[in-house]
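This is what each chain is made of:
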Amino acid sequence: MIKIENVSRNYKTGETVVKALKKVSLEIADGDFLSIAGPSGSGKTTLLNLIGCIDALDEGEISINGEKVTTMGKKGMTEFRRNNLGFIFQTYNLIPVLSAYENVAFVLSILNVSEEETKKRTMAILKEVGLEGMENRRPGKLSGGQQQRVAIARALIKNPQIVLADEPTANLDSKTGEEILRLMKTMNEKYKTTFIFSTHDQMVMDYASRLVLLHDGTIISDERRNG
Amino acid sequence: MKFIFTLAMKNLARYKRRTAITAIAIAFGLMMYLIVDSMLLGIEQESMRNLIWYETSSVRIHQKGYWPDRLLFPLEEGIENPDKVIDLLKKEGWTATERTLFKADMILYSDDFGEDGSLSAMVTGIDPEMDNEVFHFEDTLVEGRMLEKGESNGMIMGSWLAADIGAKVGYWVTLVTRGNGGFFEAIDAQIVGIVNCPNPNVNRTLIMMDKDTAGMVLGMDGAVTEIDIALPNRSDVDVEVMRIQASLDAHGLNDLEARSWRELAKDYLAIAEAKRGGTGVILFLVFIIAAVGISNTMLMAMYERTRELGMMRALGMKDNDIRLSFIIEAGGIGLLGSVVGIALGALANIYIANVGIDFGFLMRDMDIGYRIQSIMRGTWNLRSFIITFVSGITLSMIVSVIPIRRSLKMDIPSCLRHQ
């Protein structure tokens, strides 16, 4: 369970203060497939970053499974992210010099998982995301959809409680985007992992089981759907 | 750890051209350092050898009182009973020879030299039988012959001095000098041999004649101005000086004092020390080249990989692990540069140590302090190679820390937004 209470986040650009989030409160249940939607500058990515413990809030509180992430400190947050969170980025952010296998396996190496176990789990997750036989290809030799599959595998390999995806289909064509969404939905159902997306893509919103709409840093609607 | 190392090595090959250029810059700097270090050390070693072999010997004994006035060539401060000292040294296992040093005006005649003239000269009276046991002039004879024992009119001359005054074997000169007590005396001498001494300071001024003849002319009554001692290679000269002095004192010869070549050549050693400081300057320049090259390369690498960095940090990779990965990468560039630098330095050193560089054109008319006449050779110094190799890698790693620190200060969302 993720609990967001009266969270505000301001950015300073020169003399101007931009209020990215204004006293936002939200509760996200375990296993949710939640989409945070809204126009550019509405605060989607900011909210995602705060939940992902990669940004600091100015006001309010966020707790995940009862743990207050706001009081964890830098080291604590790093450790929390390492153990509990998975990330999927719009531009995949794969390491170009590493193969698909190495891009996924490195997550386990920072968790000090044994080499044997790493191999077993990496091969299994790559097979699950449909990349069997492509383990040794570098990102440059993979299509956009395949790269995003590697990113999904990288996010899921450590069995995180929560996966945060910032516009995961924005760089993909609609067919590939839908394949990726279907894959994530399958993973969500199979592993009961909480998925939180930021998007302004209608297709992603349609897949979500819960849609939160943001506008000017405020939640303007929060609805459950049959995604 | 394995992943960090793999990532660093793969990133090293990511921008091959940039890595190569940086490594070459480091290699060039290290090679230059090795060349200069080898040359300086080689020159220093050969200079010291030439200094001992042709100028100072390993240890010299003077009468007390001679050393402070040595520039005045005080004949009255001679060693009165040199044979006794030589016998004593011989008994103790040292090889020694007697010498008498004096100043003279050398008169040149037009019959031989084409025109009359004179110049100031420093003449060394030697024992032709024993001198080559301590000094090494015999090997440097290029014309004529060496002196014979008791030869009354023979003279040996350095080849540069001979060339300067147009002297040849068979030419006659007159040496006008003041003997012990101040009287004037003249000696007619014929040049019987010309030596090409590798020590330029000696070759430029050398005139040698028989010490008994010199002693007679100067009224030395058997005295000599110095006794020179040869020590075996690798002897601890300071220890030997103490032993010699103790031996002299023990035999009632405490009016004599022994000095090591280091003391005799203090001026040269001071210059050599200063020149050694030059190696430090070169090392500093190498450091600057390596620092700028590596720092710039790592700065660009960090800049280009800011988003990757953000991703790795978001996934929970520790800043220390990221830092380590970049440091290993920089160390890899340093390693490449060091290997190439060492290889190039070794190749260059094969030539420098075996063939050398001929600086004869420079040394002929200029005294730069070194006791080398023409070809300056380098030497092999394993310690320098090891230090250079380790420094190349270590410096590369150290200077990479600054750009890494800058990048890790950026917050994760900014890293992820970076274009």
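Trainee: Can you walk me through the sheet that holds strand β8 (residues 194–199) of chain A in this structure?
Mentor: All names here are of chain A. With respect to topology, six strands assemble into an open sheet ordered β6-β7-β8-β3-β9-β10, the strand pairing being mixed. The open sheet has two edge strands, β6 (85–88) and β10 (218–224), and neither has a second partner. Adjacent strand axes in the sheet meet at a mean angle of 15° when their direction is disregarded. As judged from the six bridges shared by strand β9 (residues 210–215) and β10, these two strands associate in the antiparallel manner. Residue pairing across strands places Leu214 opposite Ile219, the latter belonging to β10. Running at roughly 80° to β6, helix α2 (residues 73–84) makes contact with β6 and β7 (162–166) of the sheet. In this fold helix α5 (residues 144–156) packs onto β6, β7 and β8, with an angle of close to 170° to the strand it touches most, β6.

Trainee: I'm lost on the sheet that holds strand β1 (residues 2–13) of chain A in this one. Help?
Mentor: In a beta sheet, neighbouring strands are held together by backbone hydrogen bonds and run either parallel or antiparallel to one another. Residues and elements named next belong to chain A. Strand order in the open sheet made by the four strands is β2-β1-β4-β5, with antiparallel pairing throughout. Looking at strand neighbours, the two that pair on one side only are β2 (16–28) and β5 (67–68), the edges of this open sheet. Pairing of strand β4 (residues 59–64) with β5 involves two bridges; the strand directions are antiparallel. By the bridge assignment for β5, Ser63 is matched with Lys68.

Trainee: Explain the interface of chain A and chain B here, please?
Mentor: Buried accessible area, meaning the area lost when the parts come together, often serves as the stated size of an interface. In this complex, chain A contributes 25 residues to the contact, which on the side of chain B involves 21 residues. For the chain A and chain B pair, buried surface summed over both sides reaches about 2,100 Å², with 65% attributable to carbon and sulfur atoms. The tally of links from chain A across to chain B stands at three salt bridges. Measuring nitrogen to oxygen at the nearest pair gives 3.1 Å for the salt bridge that ties Glu115(A) to Lys2(B). Along the contact surface separating chain A from chain B lie seven residue pairs in polar contact (both at pLDDT 80 or more).

Trainee: Explain the pattern of salt bridges here, please?
Mentor: Side chains bearing opposite charge may pair, as long as their charged atoms lie close to each other. Residue and element names in this part refer to chain A. For the structure shown, the criterion picks out 30 salt bridges over all chains. Here Glu117 ties to Arg121 by a salt bridge, and the two come within 3.6 Å at their closest N and O atoms. Of this pair, Glu117 and Arg121 both sit in helix α4 (residues 115–128), four residues apart, which is roughly one turn of the helix. The partly exposed category is assigned to Glu117, whose relative accessible area is 30%. The partner of Arg149 in a salt bridge is Glu179, with the nearest N and O atoms 3.3 Å apart. Linking Arg149 in helix α5 with Glu179 in helix α6 (residues 174–191), this pair joins segments that are 30 residues apart in sequence.

Trainee: Looking at this structure, I do not really get the side chain of Glu44(B). What am I missing?
Mentor: Within the element layout of this structure, Glu44(B) appears in helix α2 (residues 16–56). Not counting the four nearest positions on each side in its chain, Glu44(B) is found in contact with Tyr268(B), Ala272(B) and Arg276(B).

Trainee: Honestly, the packing of α5(A) against α6(A) in this entry has me stumped. Any pointers?
Mentor: To characterise two packed helices, one gives the angle between the axes of the helices and the distance between these axes. Residue and element names in this part refer to chain A. Where α5 contacts α6, the two axes come as close as 10 Å, and the packing angle between them is 15°. Between α5 and α6, the interaxial angle falls into the category roughly parallel. Pair α5 / α6 crosses with right-handed handedness. Contacts between α5 and α6 involve Gly145, Gln148, Arg149, Ile152 and Leu156 on the former and, on the latter, Thr176, Glu179, Ile180, Leu183, Met184 and Met187. For the contact of α5 with α6, the class distribution of residues is six nonpolar, three polar and two charged.

Trainee: What is the right way to look at the packing of helix α1 (residues 2–12) of chain B against helix α13 (residues 319–354) of chain B in this model?
Mentor: Residues and elements named next belong to chain B. Where α1 meets α13, the axes come as close as 8 Å, and the angle between the chain directions of the two elements is 45°. Taken together, the axis directions place α1 and α13 in an arrangement best described as oblique. Considering only the axes of α1 and α13, their crossing is right-handed. Seen from α1, the contacting residues are Ile4, Phe5, Leu7, Ala8, Met9, Asn11 and Leu12; seen from α13, they are Asp321, Leu324, Ser325, Ile328, Glu329, Gly332 and Ile333.

Calculation notes
Residues numbered from 1 in each chain as written. Chains lettered and ligands numbered in written order. Predicted model: local features only at pLDDT ≥ 70, side-chain atom pairs only at ≥ 80, totals over all residues. Heavy atoms only, no water. Pairing = 2+ DSSP bridges. Helix = DSSP H or I, 4+ residues; strand = E, 2+ residues; numbered from the N terminus. Axes fitted to C-alpha atoms, helices over the stretch in contact; angles between N-to-C directions. Contact = heavy atoms within 4.5 Å. Buried area = accessible area lost by both parts, 1.4 Å probe. Salt bridge = Lys/Arg side-chain N within 4 Å of Asp/Glu carboxyl O. Polar contact = N/O pair within 3.5 Å; in protein donor to acceptor, adjacent residues only side chain to side chain. Buried < 20%, exposed > 50% of the residue type's maximum accessible area, 1.4 Å probe, protein only. Parallel < 35°, antiparallel > 145°, perpendicular 65-115°, else oblique. Left-handed = near helix turned anticlockwise from the far one by under 90°. Nonpolar A, V, L, I, M, F, W, Y, C, P; charged D, E, K, R; others polar.

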